[in-house]
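# Overview (structure and organization)
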Amino acid sequence: MATGQAVAMAGETAVPELRRSLGLMDVVLFFVIACTNLQWVATAAAAGPSSLVVWLIGGVCMFVPLSISVVYLSARYPEEGGVYVWSKRAFGPFAGFMTGWTYWASNLPYFPALLYFTAGNALYMFGGSGASLAGTPAFFIAVSIGGLALGTLVNVLGLDVGKWLNNVGAASRWIVTLVLIALGVLLWWKFGSATPINLATVRPGLGLKDVIFWSVIAFAWTGPEAIAFMSGEVKDPRRAIPRGLAIAAPAIAAIYIAGTASVLVALPAAHVSGLYGVMQSIAAGATRIGWSVVTPIAAVLVTISCLGSVGAWLGAVARIPFVAGIDRYLPAAFGRMHPRWGSPVVALITQAALAAIFILLGQGGTSVKGAYDALVSTTVIISFIPFLALFASAIKLHGGAAPGDIRIPGGKVTVVIGAAIGLLTTAGSIVLAAFPADDEPNKVLAVVKVLGLTAVMVLSGLAFYRFGGQRASLRPPTQNMG
């Protein structure tokens, strides 16, 4: 079925003709930038050497099941909209809308969290003079707003332009990870590891603090589903998405696991900050071996890579309100592409404005670190809600291979088992993510923020669905444009 066709089948969304701007290499680089983030490397290293084993567990329990489900569903149903369309097919319009809404809403606090991480690591571009800004909310807010504006602008200009920020960001992330790994190897060889890494220290703990951390690692392994929101803008999505993911997967694993190990070699785990950890370790390692010039260069690369993530996610999730606008669950303006640039301008600008509000709300009544932790926790909880629907959809929609599908070893049995494992991992992670960090000074406020923001997003989705349902019922019957 060509993406440029509107369809009259129940459960499908009539999407207008889209520009196929993303080739295989663009898809590979999109996976690298969307499926990794150096903030999770810092978070994992701060938790100690046991995080290396937790990375492996998270990969098996989340990344592998998610990849199987995405490969199956995107090959079988390659329409624009991804999980919105899949859950709508499996469980009806309400499930489809709420799945898409919660996924989209989860990115509103994610952008500020990612941009706070960007701002913290950008300080290393300025050497010692940047230290004075480390605890200054105004600096973090200004950088976050600026990064948000850049990511929105390149996406408004269309994927033909926006993909270059994604691609440059992915290349920068891979290069700075190689720098980090090279420093780790040299430091190990010359001085040994700053953090003891042995059988005793890599054993994961089972205390509450430890298992709460597992939910963050499970969230870090998500991302393969993002490209499916733009399936209609990928050249040959049935084949490019599975192949792109297979090519990118080793790089994704190396960034997380080897990157975390390198941070631990450079710094004692107790000294690693979840907000600055990557650049902390690069600066410390470069200084010890006399390569101080590497630090500002690495800071530039980390900053560019984070901006690439912002651009990639802004572009991907904007396709959710775009498709909901076509279905009339959101105002019709959301479902219109710019006539020249081929971008969902209303969706992009709206989500940027809302993310800017979250930047200010997250900072209220707390420190820079407290704001960052609250934003991360809110992101994790809300993000996992639509993954329940994604994995359930894979189970509901599983079946035999259709012509043109990528064959998955084990067929539908593999799909069902993988989705079931992902479903259990997701449910457990939602519960664990609600607990505040041990060092949060106001735990009650932190929990209220996280649960309050989550409730606001879900309830607002219900309200939009209720009023949008009236618009959708008045929509003219779909006509075949083919």
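All values derive from a computational prediction rather than experimental measurement.

### A closer look at the overall build of the chain
Tallying secondary structure elements over the chain gives 16 helices and zero strands in all. By the burial criterion, 57% of the 482 residues in the chain qualify as buried. If you take every contact in the chain between residues at least 6 apart in sequence, the share linking residues at least 24 apart comes to 85%. Split by element, the accessible area of the chain, about 17,900 Å² in all, is 72% carbon and sulfur.

### A few points about the environment of alanine 113
Note that alanine 113 resides in helix 5 (residues 93-122). Residue classification places alanine 113 among the buried residues on the basis of a relative accessible area of 1%. When the C-alpha positions of alanine 113 and isoleucine 359 are compared, they lie 8.2 Å apart, and in sequence the two are 246 residues distant.

### Notes on the nonpolar core
Ranked by internal contacts, the top residues of the largest apolar core, which has 139 residues, are Tyr103, Leu148, Ile227 and Ile282. Broken down by element, the residue count for this core peaks at 14 residues, all from helix 5. The residues contacting tyrosine 103, other than those within four sequence positions of it, are Val83, Glu225, Ala226, Phe229, Trp313, Val317, Ile320, Pro386 and Phe387.

### Focus: the confidence of the model for the chain
Scored by pLDDT, the chain comes out at a mean of 84, with 84% of its residues at no less than 70. Ranking the helices and strands of the chain by mean pLDDT puts helix 1 (residues 24-35) first, with 96, and helix 16 (residues 443-473) last, with 75. Per-residue pLDDT stays below 50 along residues 1-11; that stretch engages in 26 contacts with residues further than four places along the chain or on separate chains. Residue range residues 477-482 is modelled with pLDDT below 50. Its contacts to residues more than four positions away, or to other chains, number eight contacts.

### Brief notes about helix 6 (residues 137-156)
Between its terminal C-alpha atoms helix 6 stretches 28 Å, which fits the 28 Å expected from 20 residues at 1.5 Å a residue. Residues of helix 6 that are buried: Phe139, Phe140, Ser144, Gly147, Leu148, Gly151, Thr152, Val154, Asn155 and Val156. Glycine 158, located one to two residues past helix 6, shows a positive phi value of around 100 degrees.

### Describing the packing of helix 2 (residues 38-46) against helix 5
Direction vectors running N to C along helix 2 and helix 5 enclose 75 degrees, while the axes themselves pass 10 Å from each other. Comparing the axis directions of helix 2 and helix 5 gives the class roughly perpendicular. Residues Leu38, Gln39 and Ala42 of helix 2 lie in contact with helix 5, whose contacting residues are Tyr110, Ala113, Leu114 and Phe117. Considered class by class, the residues forming the contact of helix 2 with helix 5 number six nonpolar, one polar and no charged.

### Overview of the packing of aromatic side chains
Each pair of aromatic rings is reported with the distance of its centres and the angle of its planes. For the structure on display, the rule yields 19 aromatic pairs. Plain terms: the ring middles of phenylalanine 97 and tryptophan 101 are 5.9 Å apart, the flat faces sit at 20 degrees to each other, and that makes the pair stacked. Here phenylalanine 97 and its partner tryptophan 101 are both found in helix 5, four residues apart, which amounts to about one turn of the helix. Residue phenylalanine 97 is classed as buried on the basis of its relative accessible area of 2%. The exposure class of tryptophan 101 is buried, given its relative accessible area of 9%.

### Let's talk about the environment of valine 293
Position of valine 293 relative to the elements: it lies in the loop between helix 10 (277-288) and helix 11 (294-317). The spacing of valine 293 and alanine 283 is ten residues in sequence and 9.3 Å in space, taken between C-alpha atoms.

### Digging into the side chain of serine 87
Here serine 87 lies in helix 4 (residues 83-91). For serine 87, a relative accessible area of 0% gives the class buried. Among the polar contacts listed, one links the side chain of serine 87 to the backbone oxygen of tyrosine 84, at a separation of 3.4 Å. Look past the residues within four positions of serine 87 in its chain and what remains in contact with it is Gly92, Ala95, Gly96, Thr99, Ala389 and Ser393.

### With respect to the pattern of salt bridges
Within this structure, the stated rule accounts for four salt bridges. Note that lysine 163 and aspartate 26 form a salt bridge whose closest N and O atoms lie 3.4 Å from each other. With lysine 163 in helix 7 (residues 159-191) and aspartate 26 in helix 1, this residue pair connects regions lying 137 residues apart in the sequence. In this structure, glutamate 233 engages arginine 319 in a salt bridge whose closest nitrogen and oxygen atoms are separated by 2.8 Å. Of this pair, glutamate 233 sits in the loop between helix 8 (208-220) and helix 9 (237-266) while arginine 319 sits in helix 12 (residues 319-326), and the two are 86 residues apart along the sequence. Glutamate 233 gets classed as buried once you look at its relative accessible area, which sits at 3%.

### With respect to the environment of leucine 183
Counting through the fold element by element, leucine 183 comes out in helix 7. Between the C-alpha atoms of leucine 183 and alanine 283, which are 100 residues apart in sequence, the distance is 10.0 Å. If we ignore the near neighbours within four places in the chain, the residues touching leucine 183 are Ile282, Gly285, Ala286, Ile289 and Trp291.

### Looking at the side chain of asparagine 155
Looking at where asparagine 155 falls in the secondary structure, it is placed in helix 6. In terms of polar contacts, asparagine 155 uses its side chain to reach the backbone carbonyl oxygen of glycine 151, at 2.8 Å. Excluding anything up to four places from it in sequence, asparagine 155 contacts Gly311, Leu314, Gly315, Ser343 and Leu348.

### Structural notes on unusual backbone geometry
Trans peptide bonds make up the majority, and among non-glycine residues the majority have a negative phi. Look at aspartate 236: it is not a glycine, yet its phi comes out positive at around 50 degrees. Relative to the assigned elements, aspartate 236 resides in the loop between helix 8 and helix 9. Of note in this structure, arginine 328 is not a glycine but carries a positive phi near 70 degrees. Assignment of secondary structure puts arginine 328 in the loop between helix 12 and helix 13 (345-363).

What counts and what doesn't
Residues numbered from 1 in each chain as written. Predicted model: local features only at pLDDT ≥ 70, side-chain atom pairs only at ≥ 80, totals over all residues. Heavy atoms only, no water. Helix = DSSP H or I, 4+ residues; strand = E, 2+ residues; numbered from the N terminus. Buried < 20%, exposed > 50% of the residue type's maximum accessible area, 1.4 Å probe, protein only. Contact = heavy atoms within 4.5 Å. Areas by Shrake-Rupley, 256 points an atom, 1.4 Å probe, with all protein chains shown as cover. Core = buried A, V, L, I, M, F, W, Y, C linked by side-chain atoms within 4.5 Å. pLDDT = per-residue confidence, 0-100. Expected span 1.5 Å × (residues − 1). Axes fitted to C-alpha atoms, helices over the stretch in contact; angles between N-to-C directions. Parallel < 35°, antiparallel > 145°, perpendicular 65-115°, else oblique. Nonpolar A, V, L, I, M, F, W, Y, C, P; charged D, E, K, R; others polar. Phe/Tyr/Trp six-rings, centres within 6.5 Å; stacked < 30°, edge-to-face > 60°. Polar contact = N/O pair within 3.5 Å; in protein donor to acceptor, adjacent residues only side chain to side chain. Salt bridge = Lys/Arg side-chain N within 4 Å of Asp/Glu carboxyl O.

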